[in-house]
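So you can see what is in the structure, the chains are spelled out below.
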Amino acid sequence: MKMIKRLFFWGFILLPVLGFSQELDSKINSKTEGFFGAIYVDYHNYFHLEEITDWIVLPSESNSKKAFGTNLNFVGGYFLIPNRLSLAGGIGLYRVVSPRVDIFGAPLINGDLRFYFTDRPNTLYSFVNAGTTLGASFNNRGYLYHAGVGYKFFLTKKTLVSMDLSLVIPNYSKTKESYRDSNFKVNLQGIGFSLGFYVF
């Protein structure tokens, strides 16, 4: 119920912005093509958390309700197909906080693929994103996956912004071993909201 309320809240906030961007769309001839840089700021709210200790799965639904994550990404990319398909890679900092898990400042390298539904300046898109931690950062080795849909729009004639919702799946080792070999793992699932700012 709490997550549903948050989705309604963000929907209420986004509707006026989307309406304004549609009005501006007809006045903009800007193309999204070539190289670009972007900054993404994410917030994740988790609905599932489980610990795997010595290969025994310990679900923790009560703790997952209090778990959240943040992610700051700096990426550079290129439009493989102008206005329609982009590929990017970057580096970021990721954090998970919960009553039982605290992954602080784990650096990530990640890749991002986005498909835009139309070639208009303001349009919906779908995306997938996958990242892995750099080395044994704070004894946290693992992966972070996103898949979702969003909307990119020109807030002004020179300011491109994106907003999206996604399914977020972080998987981490809490030992110095890799995720595959570790005997203490943490798996989460949640909903993510992301805000992006682009530079061409």
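Being a predicted model, the structure only gives us computed values, none of them experimental.

Observations regarding a nonpolar patch on the surface
Step number 1: Taken together, the side chains of F35, Y78, L80, I81, L87, L113 and V128 define a hydrophobic patch exposed on the protein surface, amounting to about 670 Å² of accessible area.
Step number 2: The greatest single-element share of the nonpolar patch, amounting to three residues, is contributed by strand β3 (residues 68-81).
Step number 3: Checked against the element boundaries, L80 lands in strand β3.
Step number 4: With a relative accessible area of 48%, L80 lands in the partly exposed category.

Some points on unusual backbone geometry
Step number 1: In this model, N83 sits at a positive phi of 70°, which is unusual for a non-glycine residue.
Step number 2: Along the chain, the position of N83 falls in the loop between β3 and β4 (85-97).

A word on the environment of G131
Step number 1: Tracing the backbone through its elements, the reader meets G131 in strand β6 (residues 123-133).
Step number 2: Apart from the residues within four sequence positions on either side, G131 is in contact with L108, I109, N110, G142, Y143 and L144.

Side note on the environment of V41
Step number 1: With respect to the helices, strands and loops of the structure, V41 is situated in strand β1 (residues 34-53).
Step number 2: Under the relative-accessibility criterion, V41 is labelled partly exposed at 42%.
Step number 3: In this structure the C-alpha to C-alpha distance between V41 and T70, which are 29 residues apart in sequence, comes to 7.6 Å.
Step number 4: Not counting residues up to four positions away in its chain, the partners in contact with V41 are N71, L72, F193, S194 and L195.

Conventions and cut-offs
Residues numbered from 1 in each chain as written. Predicted model: local features only at pLDDT ≥ 70, side-chain atom pairs only at ≥ 80, totals over all residues. Heavy atoms only, no water. Patch = residues over 30% accessible without salt bridge, like charges linked within 9 Å, V, L, I, M, F, W, Y side chains within 5 Å. Areas by Shrake-Rupley, 256 points an atom, 1.4 Å probe, with all protein chains shown as cover. Salt bridge = Lys/Arg side-chain N within 4 Å of Asp/Glu carboxyl O. Helix = DSSP H or I, 4+ residues; strand = E, 2+ residues; numbered from the N terminus. Buried < 20%, exposed > 50% of the residue type's maximum accessible area, 1.4 Å probe, protein only. Contact = heavy atoms within 4.5 Å.

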